[in-house]
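Results of the structural survey
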Amino acid sequence: MTPRTQRRGEHRRRPTRRRTVGALVATAVTGAVVATGAVPTSSAGAAPAWPDPEGNKPVSSTIEVSGTYDGGMKRFHGSGGLGGDGQDEGQDPIFELKDGAVLKNAVIGSPAADGVHCLGSCTLQNVWWEEVGEDAASFKGTSSSARYTVTGGGARKADDKVFQFNGAGTLTVSGFRVADFGKLVRSCGNCRKQYTRHVVLDGVTATAPGKSLVGVNGNYGDTATLRNVTVVGDPGKKIKLCERYRGNSSGKEPSRTGTGPDGRHCRYSASDVTYE
């Protein structure tokens, strides 16, 4: 199968909620306006505040990126073939990044199609998803040395996953803000080709409602390391910080084997997480 038709882990969704770009714009700004591409911050050391986009750019076919693409803080949203408001599997992305590519200073609005695809190592810097479509970003490199880096930015309104980790290597998410989400990162639970995957969350702020921050497959040697994580608006601690699964390559739904730190696959302690 091609990468775009390969089955993904746990991709069944709740019924789609129809929303409009206009409604999102009215609630998008909670922090400083970004005009120069610098990552805005709400306070020293905190995850960045939501930006005010600098205009709109409709995208009717996938933008392929080699090298560095600076979006100038415009809002990129699907139109034409990428303009559906559904969240079906197999959609094309707004951006497709080649191995080693960098996407920075971009706001992905609605409809967002399948967000961003990284075909190898990539960097997403100061990228924001106002409303996640199928996924915000999918990481698909096949080398164990692949490095995917998400620095700054944020995502919200994700019915299911924000970051879908299908490939091999290490994904590091730092200084990132997520709100109203299903799963922040999920190591693919039932991809036809499976790998060992490593996830690092550092300086992430997660605002309820949400289901889990990271899910990994213990039977494939996955690890998740959490540092400096802040959870907001979850006094009952309903958001699972780290979940362990038994993945498979048959396409079946993976079984969950445990939650919480175990020192092996879910690597963190109580001091790494703050509740507000």
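Throughout this description, residue numbers start from 1 for each chain and increase along the sequence as written. Thresholds applied to this predicted model are a pLDDT of at least 70 for local features of residues and 80 or more for the giving and counting of side-chain atom pairs; totals over whole chains, interfaces and linings are not thresholded and use all residues. Side-chain numbers come from the whole structure's heavy atoms, not from hydrogens or water.

1. Brief notes about the nonpolar core
This is how it is decided: Only buried Ala, Val, Leu, Ile, Met, Phe, Trp, Tyr and Cys residues count toward a nonpolar core, and they belong to the same one when joined by side-chain atoms within 4.5 Å. Under the scheme applied here, a residue whose accessible area is under 20% of the maximum for its type counts as buried, over 50% as exposed, and between as partly exposed, the area being computed with a 1.4 Å probe on protein chains only. Put simply, DSSP marks the helices as runs of H or I at least four residues long and the strands as runs of E at least two long, and each gets a number from the N terminus on. For this analysis, residues touch if any pair of their heavy atoms sits within 4.5 Å.
One finds Trp-129, Phe-139 and Phe-163 to be the most contacted residues of the largest nonpolar core, which totals 56 residues. For this core, the element with the highest residue contribution is strand 11 (residues 154-165), accounting for five residues. Apart from the residues lying within four places of it in its own chain, the contact partners of Trp-129 are Trp-50, Ile-108, Gly-115, Val-116, Leu-124, Ala-136, Ala-137, Gly-154, Ala-155, Arg-156, Phe-163 and Phe-176.

2. Notes on the state of the cysteines
Such a bond, covalent and formed between the sulfur atoms of two cysteines, is termed a disulfide. Applicable threshold: For the purposes of this analysis, a disulfide is any pair of cysteine sulfur atoms at a distance within 2.5 Å.
Counted under the stated rule, the structure contains three disulfides. The disulfide that involves Cys-118 links it to Cys-122, with 2.1 Å between the sulfurs. The S-S bond linking Cys-118 to Cys-122 shows a torsion near 90 degrees; that makes this disulfide right-handed. Residue pairing for Cys-242: its cysteine sulfur links by disulfide to Cys-266, the two sulfurs lying 2.0 Å apart. In this structure the cystine formed by Cys-242 and Cys-266 twists about its S-S bond by roughly -75 degrees; its chirality is therefore left-handed. Residue Cys-242 is found in strand 18 (residues 240-246), and its partner Cys-266 is found in strand 20 (residues 266-267); the two are separated by 24 residues along the sequence. Of the two residues examined, Cys-242 and Cys-266, each falls in the buried class. Sequence-ordered numbering of the bonded cysteines in the protein gives a pairing of 1-2, 3-4, 5-6.

3. Here we look at unusual backbone geometry
Here the amide bond leading from Ser-110 into Pro-111 is cis, since omega sits at 0 degrees, within 30 degrees of zero. The topology assignment puts Pro-111 in the loop between strand 6 (101-108) and strand 7 (116-118). In this model, Ala-208 is joined to Pro-209 through a cis peptide bond whose omega is 5 degrees. Looking at the secondary structure, you find Pro-209 in strand 15 (residues 205-217). Positive phi, normally seen in glycine, also occurs at Asn-105, with a value near 55 degrees.

4. Concerning the pairing of strand 18
Side chains on a regular strand alternate between the two faces of the sheet. For the record, the criterion: A strand pair is defined by DSSP finding two or more bridges across the two strands.
With respect to burial, strand 18 is a largely interior element, five of its seven residues being buried. Relative to strand 18, strand 15 runs parallel, the two sharing five bridges. Within strand 18, the position partnered with Asn-217 by the bridge is Tyr-245. Here strand 18 pairs with strand 19 (residues 255-259) via four bridges, running antiparallel. Looking across to strand 19, one finds that Glu-243 is bridged to Thr-259.

5. Notes on the packing of aromatic side chains
For clarity, the cut-off: The aromatic pairing rule takes the rings of Phe, Tyr and Trp, using the six-membered ring of Trp, and pairs them if the centres are within 6.5 Å, calling planes under 30 degrees apart stacked, those over 60 edge-to-face and the rest tilted.
Taken as a whole and judged by the stated rule, the model has 11 aromatic pairs. For the pair Trp-129 and Phe-163, a centre-to-centre distance of 5.9 Å together with 80 degrees between the ring planes defines the contact as edge-to-face. In this pair, Trp-129 is assigned in strand 8 (residues 122-129) and Phe-163 in strand 11, connecting sequence segments 34 residues apart. Here Trp-129 falls in the buried class, since its relative accessible area comes to 0%. Here Phe-163 falls in the buried class, since its relative accessible area comes to 0%. Aromatic pair Tyr-148 and Phe-165: ring centres 5.5 Å apart, planes at 80 degrees, arrangement edge-to-face. Here Tyr-148 is found in strand 10 (residues 147-151), whereas its partner Phe-165 is found in strand 11, with 17 residues between them in sequence.

6. As for the environment of Asn-105
To be explicit about the condition: Between N or O atoms, a polar contact is any pair within 3.5 Å; within protein, one atom must be a potential hydrogen donor and the other a potential acceptor, and residues adjacent in sequence are included only when both atoms are from side chains.
Structurally, Asn-105 is set in strand 6. On the accessibility criterion, Asn-105 (4% relative accessible area) is buried. Sequence-wise, Asn-105 and Gly-72 are 33 residues apart; in three dimensions their C-alpha atoms are separated by 5.5 Å. Side chain to side chain, Asn-105 and Asn-126 meet in a polar contact 3.0 Å long.

7. Brief notes about the pattern of salt bridges
The condition that has to hold: Salt bridge, as used here: a side-chain nitrogen of Lys or Arg that lies within 4 Å of a carboxyl oxygen of Asp or Glu.
In this structure the tally under the stated criterion is eight salt bridges. Where Glu-64 meets Lys-98, a salt bridge forms, and the shortest distance between an N and an O atom there is 3.9 Å. Residue Glu-64 is found in strand 2 (residues 63-65), and its partner Lys-98 is found in the loop between strand 5 (95-97) and strand 6; the two are separated by 34 residues along the sequence. In this structure, the salt-bridge partner of Arg-256 is Glu-243, at a minimum N-O distance of 2.6 Å. Here Arg-256 is found in strand 19, whereas its partner Glu-243 is found in strand 18, with 13 residues between them in sequence. On the basis of relative accessibility, which here comes to 6%, the residue Glu-243 falls in the buried class. When salt bridges with common partners are traced through the structure, they connect Glu-64, Glu-96 and Lys-98 into a single cluster.

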